[in-house]
Amino acid sequence: MPPSLRHIPSVTLLLSDPAAERPLSRFPRPLVLKLLRDILAEKRREIQAGREPSLAPPDLWQELALRIESKTAYHLRRVVNGTGVVIHTNLGRSLLAAQAASQVDRVARAYSNLEFDLEQGRRGSRYSHVEELLTELTGAEGALVVNNNAAAVLLALDTLAKGREVVVSRGQLVEIGGSFRVPEVMSRSGALLREVGTTNKTHLRDYEQAVNERTALLLKVHTSNFRILGFTSEVPLEELVALGKTHNLAVMEDLGSGSLLDLSPFGLEKEPTVPEAVRSGADLITFSGDKLLGGPQAGILVGRKTVIQGLRANPLNRALRIDKLTLAALEATLHLYRRPEQALRDIPTLRLLTAPPAALRRRARRLLRYLTGPERTAVSLEVLPTQSQVGGGALPLSRLSSYALALVPLKGKVNDLEAHFRAHTIPIIGRIEDDRLLLDLRTLQLADFPVLRDCLRAWTAPVSP
Ligand SMILES: *Cc1c(COP(=O)(O)O)cnc(C)c1O
């Protein structure tokens, strides 16, 4: 007999069942009641739609248990990044170095000298913990850190150019991550955008002609996530600095990714590093903490001492301020840069970006050897050369030679395999190419191997609930 609406049990009846004791002893009664009502309402709709859902109490309790589990699990979770995009904006950008993570843990669980001067025994500055490191590592006179680089740019424009004009090349009016748009940040800050040049070419004379008595700032923005190729020209920072000197105007560069190290020896595009930008003489340089730097989300401003003092005194700085956990992670990350070879080894972003293809091929083979159990019966596995990307809107043209594990299900569709991976308890994110699911070894960690094996075994022998 097909189930009818009459057969749907009432919540009261269900709650009198001894099976109700277990969920009620573990979760708040209102939550249990709400979930039960949701389940029963769904059954009602299914029956009305002509389907025949099971109304057996054990099935209903099972469904309740699954819902409670998903409600009480953390929403923000670890995933396995098999995309090969190292600074993956959707998957959490940079991973922290072990030293940074344990420093966060220490500072989080104890009181700290966050704003206490231990020598003087009085109030201190939260910025003191990284200011010296930043000036030492970049060569700048002063430094300040805020919540992220978008905040750094906003603070800088608000402080240096509110109500006045900022000259920027048309070719640098970039949008990053779908929400950071240079013209919009500028209008929020109350600065007036003065676009000069054309999309592909901007000359020094374009800036020169735009300067007038309302001009406050010459701004260069790193075109982080795109490149204009062909007939192009940009004005080097040094020349803007010289122009700024002549007209007594501040010069700022938003570097975006802002690397402290030159990564071109590792096959990445040659980019001006932060110390190079500082040496060009700009008054202010801004960059992110969690892009190429490989630290926590933060916005870093380095530059002339007087400019930094002005930023610090701006009330907006209080609204954009960096929190203590970020500061702890940032200080520990910056410490590693004192020895570049240690930074390259211990900062995950740098380690992954500079991993040589031969090592990635070895890791791929190792993974293949690791997956020799029952999981081999339902998928074909193969190691293929592939190309990884930097991500994070950095070095958009760089393609890094890498190796991927390519998976093809023997039965079923590759899209279903991809969805199964994504739905795993620790979700695994790969990419589909030519009807294969690729997992790039550049972003797979050794600790991910067992996750992958368990997930494949669940695909091979689906366990019924
Ligand atoms: C990424 C980027 C930003 C925004 O930095 P967040 O740290 O993501 O806020 C701003 N400007 C440029 C040029 C960028 O590349």
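Conventions used here
Residues numbered from 1 in each chain as written. Predicted model: local features only at pLDDT ≥ 70, side-chain atom pairs only at ≥ 80, totals over all residues. Heavy atoms only, no water. Near = heavy atom within 4 Å. Polar contact = N/O pair within 3.5 Å; in protein donor to acceptor, adjacent residues only side chain to side chain. Areas by Shrake-Rupley, 256 points an atom, 1.4 Å probe, with all protein chains shown as cover. Helix = DSSP H or I, 4+ residues; strand = E, 2+ residues; numbered from the N terminus. Nonpolar A, V, L, I, M, F, W, Y, C, P; charged D, E, K, R; others polar. Salt bridge = Lys/Arg side-chain N within 4 Å of Asp/Glu carboxyl O. Buried < 20%, exposed > 50% of the residue type's maximum accessible area, 1.4 Å probe, protein only. Phe/Tyr/Trp six-rings, centres within 6.5 Å; stacked < 30°, edge-to-face > 60°. Expected span 1.5 Å × (residues − 1). Arc of directions from axis to C-beta. Contact = heavy atoms within 4.5 Å. Pairing = 2+ DSSP bridges. Axes fitted to C-alpha atoms, helices over the stretch in contact; angles between N-to-C directions.

**Notes on the site of the ligand**
So, step 1. Near the ligand the following residues occur: R93, N148, N149, A150, I176, F180, H222, S224, D254, G256, S288 and K291.
So, step 2. Between the ligand and R93, the relevant distance is 2.7 Å, taken from an oxygen atom to a side-chain nitrogen or oxygen of the residue.
So, step 3. In this structure, D254 approaches the ligand through a side-chain N or O atom, which is 2.6 Å from a nitrogen atom.
So, step 4. In the complex, the protein chains occlude 95% of the 380 Å² of accessible area that the ligand would expose alone.
So, step 5. Residue assignment for the shell around the ligand shows that the elements contributing at least two residues are α7 (149–161) and β11 (250–256).
So, step 6. Looking at the shell around the ligand residue by residue, the classes come out as 3 nonpolar, 6 polar and 3 charged.

**Focus: the pattern of salt bridges**
So, step 1. As enumerated under the stated definition, the model contains 32 salt bridges in all.
So, step 2. The salt bridge partner of E213 is R214, with a shortest N-O separation of 3.4 Å.
So, step 3. Judged by relative accessible area, which is 42%, R214 ranks as partly exposed.
So, step 4. Across the salt bridge formed by K270 and E276, the nearest N and O atoms sit 3.4 Å from each other.
So, step 5. For E276, a relative accessible area of 28% translates into the label partly exposed.
So, step 6. One continuous salt-bridge network, built from bridges that share partners, spans E42, K43, E63 and R67.

**Description of the packing of aromatic side chains**
So, step 1. Applying the stated rule across the entire model yields 1 aromatic pair.
So, step 2. Ring centres of Y370 and F449 lie 5.9 Å apart, and the angle between their planes is 45°; on these two criteria the pair is classed as tilted. Here F449 lies in helix α19 (residues 449–460) and Y370 lies in helix α17 (residues 357–370), a separation of 79 residues in the sequence.
So, step 3. The class of F449 is buried, set by a relative accessible area of 5%.

**Looking at helix α4 (residues 57–72)**
So, step 1. If you check α4, its first and last C-alpha atoms are 22 Å apart, about what 16 residues at 1.5 Å a residue would give, namely 22 Å.
So, step 2. Buried residues of α4: L60, W61, L64 and I68, and no others. All buried residues of α4 project into a common sector of 95° when viewed along the axis, lining one side. Along α4, the residues that are exposed and aim more than 90 degrees away from the buried face are P58, E69 and S70.
So, step 3. Buried residues in α4 make contact with α1 (11–15), α2 (21–26) and α3 (29–48).

**Describing the sheet that holds strand β2 (residues 85–87)**
So, step 1. Taken in spatial order, the 5 strands line up as β2-β14-β15-β18-β17 in an open sheet, and their pairing is mixed. In the strand order of this sheet, the two ends are held by β2 and β17 (431–433), each with one partner. Between one strand axis and the next, the sheet turns by 40° as a mean value, whatever way the strands run.
So, step 2. Sheet topology places β2 next to strand β14 (residues 379–391); 2 bridges connect them, and they run parallel. The partner of I87 across the bridge, within β14, is G391.
So, step 3. Each of β14 and β15 (399–409) is contacted by α17, which is oriented at about 15° to β15, the strand it contacts most.
So, step 4. Helix α18 (residues 414–422) rests against β14, β15, β17 and β18 (436–440) of the sheet, and its axis sits at about 40° to β18.

**Description of unusual backbone geometry**
So, step 1. A positive phi angle, near 50°, is found at R93, a position not held by glycine.
So, step 2. If you trace the backbone, R93 turns up in the loop between β2 and α5 (98–109).
So, step 3. For R93, a relative accessible area of 21% gives the class partly exposed.
So, step 4. Notably, D435 is not glycine yet its phi reads approximately 65°, a positive angle.
So, step 5. Within the element layout of this structure, D435 appears in the loop between β17 and β18.
So, step 6. Residue D435 is classed as exposed on the basis of its relative accessible area of 59%.

**Focus on the pairing of strand β13 (residues 299–303)**
So, step 1. Within β13, 5 of the 5 residues are buried, which leaves it mostly tucked inside the rest of the structure.
So, step 2. Neither face of β13 is open: one carries G299, L301 and G303, the other I300 and V302, and all of them are buried.
So, step 3. Pairing between strand β5 (residues 142–146) and β13: 5 bridges, direction antiparallel. Looking across to β13, one finds that A143 is bridged to V302.
So, step 4. Examined bridge by bridge, strand β12 (residues 284–288) and β13 share 5 bridges and lie antiparallel to one another. Directly across from F287, in β13, lies its bridge partner I300.

On their own, these measurements won't tell you what the molecule is for.
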